[in-house]
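Secondary and tertiary structure notes
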Amino acid sequence: MSSVFLRAFEQNDYILINKWRNDPQIQKLTCGDFRYVSSEREKEWVRDKMMNNQTDNYLAICLNNDSQEMIGYISVN
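The structure presented is a predicted model; accordingly, all values stated were derived computationally and were not measured.

1. Thoughts on the side chain of N53
Among the secondary structure elements, N53 is positioned in the loop between α3 (39-51) and β2 (57-63). A polar side-chain atom of N53 sits 2.9 Å from the main-chain amide nitrogen of D56.

2. Details of the nonpolar core
Core analysis: the biggest nonpolar cluster contains nine residues, these being F9, Y14, I17, W20, V46, Y58, A60, C62 and M70. For this core, the secondary-structure elements that each account for two or more residues are α1 (13-21) and β2. Not counting residues within four places of it along the chain, the set of residues in contact with A60 comprises F5, L6, R7, F9, D13, M70, G72 and Y73.

3. Quick word on the packing of aromatic side chains
The description of an aromatic ring pair rests on the distance of the ring centres and on the angle between the ring planes. Summed over the entire model, instances satisfying the criterion amount to seven aromatic pairs. Pairing Y58 with Y73 gives two aromatic rings, centres 6.5 Å apart and planes at 35°, and the pair type is tilted. Of this pair, Y58 sits in strand β2 while Y73 sits in strand β3 (residues 70-76), and the two are 15 residues apart along the sequence. For Y58, a relative accessible area of 15% puts it in the buried group. The ring of W45 has R21 lying over it, and the distance from NZ or CZ to the ring centre is 4.9 Å.

4. Brief notes about the pattern of salt bridges
Counting across every chain of the model gives two salt bridges. Where D13 meets R7, a salt bridge forms, and the shortest distance between an N and an O atom there is 2.8 Å.

What counts, and at which threshold
- Residues numbered from 1 in each chain as written.
- Predicted model: local features only at pLDDT ≥ 70, side-chain atom pairs only at ≥ 80, totals over all residues.
- Heavy atoms only, no water.
- Helix = DSSP H or I, 4+ residues; strand = E, 2+ residues; numbered from the N terminus.
- Polar contact = N/O pair within 3.5 Å; in protein donor to acceptor, adjacent residues only side chain to side chain.
- Core = buried A, V, L, I, M, F, W, Y, C linked by side-chain atoms within 4.5 Å.
- Buried < 20%, exposed > 50% of the residue type's maximum accessible area, 1.4 Å probe, protein only.
- Contact = heavy atoms within 4.5 Å.
- Phe/Tyr/Trp six-rings, centres within 6.5 Å; stacked < 30°, edge-to-face > 60°.
- Lys NZ or Arg CZ within 6 Å of the ring centre and 35° of its normal.
- Salt bridge = Lys/Arg side-chain N within 4 Å of Asp/Glu carboxyl O.

Structural data, given as structure tokens:
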């Protein structure tokens, strides 16, 4: 059995993604430009990726255990 699995974004994923995006240490490791993002903006971003994205497929990376905790995400185009 795999230790992780992929799944489509769910509406409440914005909460954890927003936590990651607002963490300067995580942003430093991903080489992204750091800027604070509101939870409402993040919520709209996740919703847009779920409903309107025609070119990229955004997927949550989750632990394959009882918690099925999201530990990251990827986009495939």
